[in-house]
Amino acid sequence: MRTQRNPQLNANGELIHLLSTEGLSKEMLTHILDTATNFVSVSDREVKKVPLLRGKSVFNLFFENSTRTRTTFDIAATRLSADVVNLDIARSSASKGESLLDTIDNLSAMAADIFVVRHNESGAPYLIAQHVGPHVHVVNAGDGRHAHPTQALLDMYTIRHFKGDFSNLSVAIVGDVAHSRVARSNIHALTTLGCPDLRVVGPKTLVPNDMAQMGVRVCNDLRSGIDGVDVVITLRLQNERMSGALLPSAQEFFKSYGLTPERLQWAKPDAIVMHPGPINRGVEIASSVVDGPQAVILSQVTFGIAVRMAVMSIVASHEG
Amino acid sequence: MRTQRNPQLNANGELIHLLSTEGLSKEMLTHILDTATNFVSVSDREVKKVPLLRGKSVFNLFFENSTRTRTTFDIAATRLSADVVNLDIARSSASKGESLLDTIDNLSAMAADIFVVRHNESGAPYLIAQHVGPHVHVVNAGDGRHAHPTQALLDMYTIRHFKGDFSNLSVAIVGDVAHSRVARSNIHALTTLGCPDLRVVGPKTLVPNDMAQMGVRVCNDLRSGIDGVDVVITLRLQNERMSGALLPSAQEFFKSYGLTPERLQWAKPDAIVMHPGPINRGVEIASSVVDGPQAVILSQVTFGIAVRMAVMSIVASHEG
Amino acid sequence: MRTQRNPQLNANGELIHLLSTEGLSKEMLTHILDTATNFVSVSDREVKKVPLLRGKSVFNLFFENSTRTRTTFDIAATRLSADVVNLDIARSSASKGESLLDTIDNLSAMAADIFVVRHNESGAPYLIAQHVGPHVHVVNAGDGRHAHPTQALLDMYTIRHFKGDFSNLSVAIVGDVAHSRVARSNIHALTTLGCPDLRVVGPKTLVPNDMAQMGVRVCNDLRSGIDGVDVVITLRLQNERMSGALLPSAQEFFKSYGLTPERLQWAKPDAIVMHPGPINRGVEIASSVVDGPQAVILSQVTFGIAVRMAVMSIVASHEG
């Protein structure tokens with residue numbers, strides 16, 4: 001009997017693609033975070049470059065637009081000395097009716113080394129990873145509602161940086177959990193890393209009850225949700241959710257779930273506040289909390305470059 | 001009496017611009033292909049770069065959008081260590097009413113070395129080549145219905161790679177020959193390289209009869225068109241042609257001219273199948289042929305990088 | 001009592017941001033021009049690069065579209081060996097409702113070194129400069145109607161190159177002075193550099209009378225405006241001005257203020273003609289003047305690269 005191999009790993013168990021935090025071992029996640037530690041200092045140097053990926057070709061394939069995330073990968077790859085090609089997919093062959101895999105075959109034939117893929121359909125990066133040859137690596141930069149593993153990894157890096165260890169932590173993820181690939185990827189990573197108290201917090205329309213099956217506690221009330229926690233991860237409320245069937249309005253949401261300085265006192269006094277950005281000030285979080293001493297939101301951005309450098313350098317060093 | 005000099009060559013007969021395969025000698029074409037051979041291995045290396053164009057500025061001027069072709073030139077220039085500026089012409093001064101030559105003068109004043117030009121008007125790259133100074137080089141990346149010389153050169157490279165020599169070959173170009181700059185450039189190159197049996201194949205509306213003057217055989221029937229050939233070059237059927245006055249529908253075209261595995265048996269058993277991409281599966285070619293053993297379509301893409309590196313390094317090494 | 005410090009300078013009086021030519025001393029302007037002299041030759045070399053900004057990250061933040069200006073900064077930064085990130089702000093987080101300063105904080109957290117900012121609101125680059133940390137530098141690439149300091153500096157470089165010195169010069173700025181940040185920045189620079197005779201020329205609707213307070217002579221008549229001048233700076237007539245309330249039509253403007261070869265004879269015989277581009281031939285200037293011997297418009301473009309290299313290398317060498 002042969003077990004189905006995790007498509008992210010080669011036969012030696014080494015990381016060749018980063019598709020999801022789901023299915024990665026505690027050791028693998030820790031290895032990525034440890035590698036990122038070495039890269040944090042690179043961005044502080046006079047010359048912010050290391051030659052690890054010199055002469056390698058990184059293709060940013062953003063089928064869903066996200067200038068911010070694309071920029072972080074662009075910078076991370078450039079600081080590894082790779083050559084980056086940013087493909088404006090909306091205007092490319094994809095719009096001429098070429099299939100996704102034909103596009104991938106073509107770019108692979110140009111000797112691509114890494115594809116960074118953002119797609120509005122869950123599973124697209126898996127499809128690509130299964131299709132490419134052994135020298136080509138895929139990094140998922142967000143697929144549908146499914147996963148956003150580099151965001152989860154930078155969140156883990158940030159938590160570990162400020163809290164040291166996951167084994168005694170209480171973490172609350174607040175907001176539109178149902179539609180968030182960030183929440184999903186964070187839940188898998190936190191669970192694997194041993195976080196004993198993980199809660200998802202929001203109205204019933206945005207936090208499905210079956211989340212309990214993932215080993216998390218569902219709280220529909222902010223007070224009990226963040227009571228005594230070490231870490232509050234605030235999610236972005238997507239514009240399309242703000243006045244739809246699931247939510248009366250952005251104001252209503254802020255009234256019940258917006259993170260204000262007063263409410264933040266329900267958490268531990270040294271609790272940190274995180275947010276994946278871009279922030280809606282006054283919707284999911286009060287401006288004074290964003291700019292206050294407990295927010296570590298800009299540290300997340302800084303660590304995000306190092307984590308993406310780590311992921312790309314690790315996958316590029318292994319063969320499929 | 002003084003003969004009009006070929007605008008692609010300097011007084012010593014050296015290549016300073018690549019505008020068309022028309023008017024280039026067999027020796028020149030062979031020299032470009034031989035140079036490309038040296039570059040094929042560069043993309044296989046650990047560090048996919050050579051310093052030939054270090055510190056040179058390559059401007060991608062795409063007046064007509066083509067992400068795929070632009071990307072191949074971007075990669076080729078980067079692997080030669082050049083600095084590449086991709087100009088989004090649709091949003092630039094051109095749209096503020098500046099003339100083409102004023103735009104060129106401006107970019108030349110920024111010390112451009114190579115302009116890669118794609119334009120929907122035939123002759124635009126010639127106009128630019130005649131206008132620029134002796135240190136500036138123009139590479140035609142497709143102009144109107146006129147020429148697409150780097151595509152033709154990569155097609156020649158591919159044929160030579162798989163078939164060794166042109167002197168005994170039968171080659172068929174199938175599809176919308178009338179509107180294809182690829183067909184036109186390939187006909188000139190194949191004729192010059194000594195291909196003795198060259199056929200263009202398609203319905204009367206898409207294959208003009210006067211093509212016979214170019215030294216090719218016109219076939220309106222696929223069977224006689226590809227009977228016993230060594231090479232089938234399938235052309236892309238442009239979307240705007242699929243349900244217009246010239247053609248009843250894409251389905252109709254496929255019924256008569258689509259390359260299926262059954263029909264491919266009319267060609268030699270070891271015939272190769274080429275396509276410039278992007279492919280319309282099920283329109284000009286069946287999916288099973290694209291994915292079958294005789295297709296060399298992805299090799300074309302790979303060789304295309306090497307051929308573009310060859311062209312840019314050759315023109316940059318000569319003065320006008 | 002403590003005087004308000006110029007936000008462009010640090011406590012030692014060194015340039016840390018370039019926001020405006022207003023408030024910069026004659027010595028500082030001359031220092032920038034002298035530095036640019038060293039960079040003019042770089043673009044003539046075989047390898048057009050110096051390693052001054054190697055490993056530094058330059059972000060082009062163009063909130064207002066200008067491919068031409070963005071390209072010049074891209075080239076200048078690349079020739080200093082910096083890594084350049086071009087942000088398509090219209091499609092980025094800014095459009096997701098993120099505030100300007102939140103965007104800046106995020107990019108700063110990615111370890112940006114220089115922000116090149118173009119914004120349609122006057123003062124935006126000041127706001128950013130006051131917000132960023134001591135290692136981050138801001139270069140204004142045009143803000144509203146307020147300032148365009150690198151254009152003014154390249155104009156000063158061009159004038160000094162052709163005329164040697166400002167102390168005996170007569171300079172006329174012709175056209176839509178009221179809405180021109182180029183005019184405003186040039187007036188400050190020319191006044192500081194000691195130009196004794198500075199005139200602004202145009203119809204009353206486009207040249208406000210209070211300009212006299214800036215130490216310039218207002219002329220509503222082209223003849224008296226350029227009579228005996230050494231330098232004519234022609235401004236671009238913006239499309240939106242050509243048939244609005246302020247001007248009957250482009251034809252009317254050319255009839256009264258268009259620079260023709262005949263009218264240019266009113267200036268000194270060796271007068272130079274400048275234009276910031278892109279040119280409207282036949283609107284503010286006749287084609288024959290653009291292509292004539294007195295035009296130095298393409299030299300402006302060439303010097304513009306060197307001046308931008310000078311500005312970026314100077315600000316990057318100081319701390320805030």
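The rules behind the values
Residues numbered from 1 in each chain as written. Chains lettered and ligands numbered in written order. Predicted model: local features only at pLDDT ≥ 70, side-chain atom pairs only at ≥ 80, totals over all residues. Helix = DSSP H or I, 4+ residues; strand = E, 2+ residues; numbered from the N terminus. Rg over C-alpha atoms; globule rule 2.2 N^0.38 Å. Buried ≥ 20, exposed ≤ 12 C-beta atoms within 10 Å, placed from the backbone. Contact = placed C-beta atoms within 7 Å. Least-squares fit on C-alpha atoms with pLDDT ≥ 70 in both. Pairing = 2+ DSSP bridges. Axes fitted to C-alpha atoms, helices over the stretch in contact; angles between N-to-C directions. Nonpolar A, V, L, I, M, F, W, Y, C, P; charged D, E, K, R; others polar. Left-handed = near helix turned anticlockwise from the far one by under 90°. Expected span 1.5 Å × (residues − 1). Arc of directions from axis to C-beta. Right-handed = clockwise from strand over helix to strand, strands pointing away. Parallel < 35°, antiparallel > 145°, perpendicular 65-115°, else oblique. Core = buried A, V, L, I, M, F, W, Y, C linked by C-beta atoms within 7 Å. pLDDT = per-residue confidence, 0-100.

Asks: Could you give an account of the overall build of chain A, with specific residues and numbers?
Replies: Regarding its fold elements, chain A presents eleven helices and nine strands. Computed over C-alpha atoms, the radius of gyration of chain A comes to 20 Å, within 12% of the 20 Å expected from 2.2 N^0.38 for 320 residues, which places it in the range of a compact globule. Its C-alpha atoms give chain A principal-axis dimensions of about 55 × 50 × 40 Å. Counting all 320 residues of chain A, 55% fall into the buried class. For chain A, restricting intrachain contacts to residue pairs at least 6 apart in sequence, the fraction spanning at least 24 positions comes to 76%.

Asks: Residue-level account of the relation of the copies chain B and chain C, with values.
Replies: For the match of chain B to chain C, the screw axis carries a shift of 0.0 Å, the RMSD comes to 0.0 Å, and the turn is 120 degrees. Look at the turn and shift together and you get a three-fold axis relating the two.

Asks: For the sheet that holds strand β2 (residues 83–87) of chain C, give the residues involved together with the corresponding values.
Replies: Residue and element names in this part refer to chain C. The strand order across the open sheet built from four strands is β2-β1-β3-β4, with neighbouring strands paired in parallel fashion. Where the open sheet ends on each side, the last strands, each with one partner, are β2 and β4 (137–143). Neighbour to neighbour, the strand axes of the sheet diverge by 15 degrees on average, direction disregarded. Of the pairings in the sheet, the one linking strand β3 (residues 114–119) to β4 comprises five bridges and is parallel in character. In the sheet register, Phe115 faces β4, and the bridge partner there is Val138.

Asks: Account for the interface of chain B and chain C, with residues named and values stated.
Replies: Contacts between chain B and chain C engage 19 residues on the former and 22 residues on the latter. Among the residues making up the side of chain B that touches chain C, the classes are represented as five nonpolar, six polar and eight charged.

Asks: Can you lay out the sheet that holds strand β1 (residues 57–62) of chain A for me, pointing to particular residues and giving the numbers?
Replies: Residue and element names in this part refer to chain A. In spatial order, the strands read β2-β1-β3-β4; together these four strands make up an open sheet with parallel pairing. The outermost strands of the open sheet, each flanked by one partner alone, are β2 (83–87) and β4 (137–143). Put simply, the sheet's adjacent strands are angled 15 degrees from each other on average, direction ignored. Bridge analysis of β1 against strand β3 (residues 114–119) gives five bridges, and the strand direction is parallel. Directly across from Asn60, in β3, lies its bridge partner Val116. Taken strand by strand, helix α11 (residues 297–316) contacts β3 and β4, and its axis lies near 145 degrees from that of β4.

Asks: Talk me through the interface of chain A and chain B; I want residue IDs and the actual numbers.
Replies: Every contact between the two is made by 19 residues of chain A and, on the other side, 22 residues of chain B. Counting residues per element, the ones that place at least two in the side of chain A that touches chain B are β2 and α3 (100–109) of chain A. Considering each element in turn, the side of chain A that touches chain B owes the most residues, four residues, to α3 of chain A.

Asks: An account of the pairing of strand β8 (residues 231–234) of chain C is needed here, citing residue identities and associated values.
Replies: Residues and elements named next belong to chain C. Residues Val231 and Ile233 line one face of β8 and the alternating positions Val232 and Thr234 line the opposite face, and both faces are buried. Bridge count between strand β5 (residues 170–174) and β8: four bridges; the pairing is parallel. Its bridge partner being in β8, Ile173 is matched across the sheet by Ile233. In this structure, β8 lies alongside strand β9 (residues 272–274), joined through three bridges in parallel fashion. Looking at the pairing, Ile233 lines up with Met274 of β9.

Asks: Summarise the packing of helix α1 (residues 26–40) of chain A against α11 of chain A; cite the residues concerned and give the values.
Replies: All names here are of chain A. For the pair α1 and α11, interaxial distance at closest approach is 8 Å and the crossing angle is 120 degrees. Regarding α1 and α11, the two cross each other, and that crossing is right-handed. For the pair formed by α1 and α11, the contact residues are Ile32, Thr35, Ala36, Phe39 and Val40 on the first element and Phe303, Ala306, Val307, Met309, Ala310, Val311, Ser313 and Ile314 on the second. A per-class count over the contact of α1 with α11 returns eleven nonpolar, two polar and no charged.

Asks: Explain α1 of chain A to me, and be specific about the residues and the numbers.
Replies: All names here are of chain A. For α1, spanning 15 residues, the distance from its first C-alpha to its last is 21 Å, which sits close to the expected 21 Å at 1.5 Å a residue. Taken residue by residue, α1 has Met28, Leu29, Ile32, Leu33, Ala36 and Phe39 as its buried positions. One face of α1 carries all of its buried residues, which in axial projection span an arc of 135 degrees. Opposite the packed face of α1, turned more than 90 degrees from it, sit the exposed residues Glu27 and Asp34. In this fold, the buried residues of α1 make contact with α5 (149–163), α6 (181–192) and α11.

Asks: So, unusual backbone geometry: which residues are in play, and what are the values?
Replies: The omega torsion of the bond from Gly277 of chain A to Pro278 of chain A falls at -15 degrees, within 30 degrees of zero and hence cis. With respect to the helices, strands and loops of the structure, Pro278 of chain A is situated in the loop between β9 (272–274) and α10 (287–290). One non-glycine residue with positive phi stands out, namely Ser81 of chain C, at about 70 degrees. Position of Ser81 of chain C relative to the elements: it lies in the loop between α2 (67–79) and β2. When the 17 C-beta atoms within 10 Å are taken as the criterion, Ser81 of chain C is described as partly exposed. Unusually for a residue other than glycine, Ala111 of chain C sits at a positive phi of about 70 degrees. Locating Ala111 of chain C in the fold gives a position in the loop between α3 (100–109) and β3.

Asks: Please give an account of the pairing of β3 of chain A that cites residues and values.
Replies: Residue and element names in this part refer to chain A. Most of β3 sits inside the fold, with six of its six residues counted as buried. Burial of β3 is two-sided: the residues Ile114, Val116 and Arg118 facing one way and the residues Phe115, Val117 and His119 facing the other way are all buried. Note on the crossover from β3 through helix α4 (residues 124–131) to β4: the handedness is right-handed.

Asks: Any chance you could break down the environment of Gly277 of chain A for me, citing the residues and the numbers?
Replies: Along the chain, the position of Gly277 of chain A falls in the loop between β9 and α10. What makes Gly277 of chain A buried here is the crowd of 22 C-beta atoms within 10 Å. Sequence separation between Gly277 of chain A and Glu14 of chain A is 263 residues; the distance between their C-alpha atoms is 31 Å. If near-sequence neighbours (up to four positions away) are discounted, Gly277 of chain A is found in contact with Arg68 and Ile297 of chain A together with Asn106 of chain C.

Asks: Talk me through the packing of α2 of chain C against helix α11 (residues 297–316) of chain C; I want residue IDs and the actual numbers.
Replies: All names here are of chain C. Where α2 contacts α11, the axes come no closer than 9 Å and their chain directions differ by 60 degrees. With respect to their mutual orientation, α2 and α11 come out oblique. For the element pair α2 and α11, the recorded crossing hand is right-handed. In contact with Thr72, Phe73, Ile75, Ala76, Ala77 and Arg79 of α2, α11 contributes Gly304, Ile305, Arg308, Met309 and Met312. Of the residues that constitute the contact of α2 with α11, the class distribution is seven nonpolar, two polar and two charged.

Asks: Provide a residue-level description of the nonpolar core, including the pertinent values.
Replies: Membership of the largest hydrophobic core comes to 319 residues, with the highest contact counts inside it found for Val232 of chain A, Val232 of chain B together with Val232 of chain C. The residues touching Val232 of chain A, leaving out its near neighbours within four places in the chain, are Ala172, Val174, Ile226, Leu259, Ala267, Ala271, Val273 and Met274 of chain A.

Asks: Explain the environment of Val201 of chain A residue by residue, including any values.
Replies: Residues and elements named next belong to chain A. With respect to the secondary-structure elements, Val201 resides in strand β6 (residues 197–201). Sequence separation between Val201 and Cys219 is 18 residues, and the spatial gap between their C-alpha atoms is 4.8 Å. Dropping the residues within four chain positions of it, Val201 is found in contact with Ala172, Ile173, Val174, Val207, Cys219, Leu222, Gly225 and Ile226.

Asks: Please set out the environment of Ser122 of chain C residue by residue, giving values where relevant.
Replies: Residue and element names in this part refer to chain C. Topologically, Ser122 is positioned in the loop between β3 and α4 (124–131). Linking Ser122 and Asp143, residues 21 residues apart in sequence, is a C-alpha distance of 4.8 Å. Here Ser122 is in contact with Asp143, Gly144, Arg145 and His146, once residues within four sequence places are set aside.

Asks: Hey, could you go over the confidence of the model for chain A for me, with residue numbers and the actual values?
Replies: Across chain A, pLDDT averages 93, with 96% of residues at or above 70. Scoring the predicted complex yields pTM 0.95 and, for the interface, ipTM 0.93.

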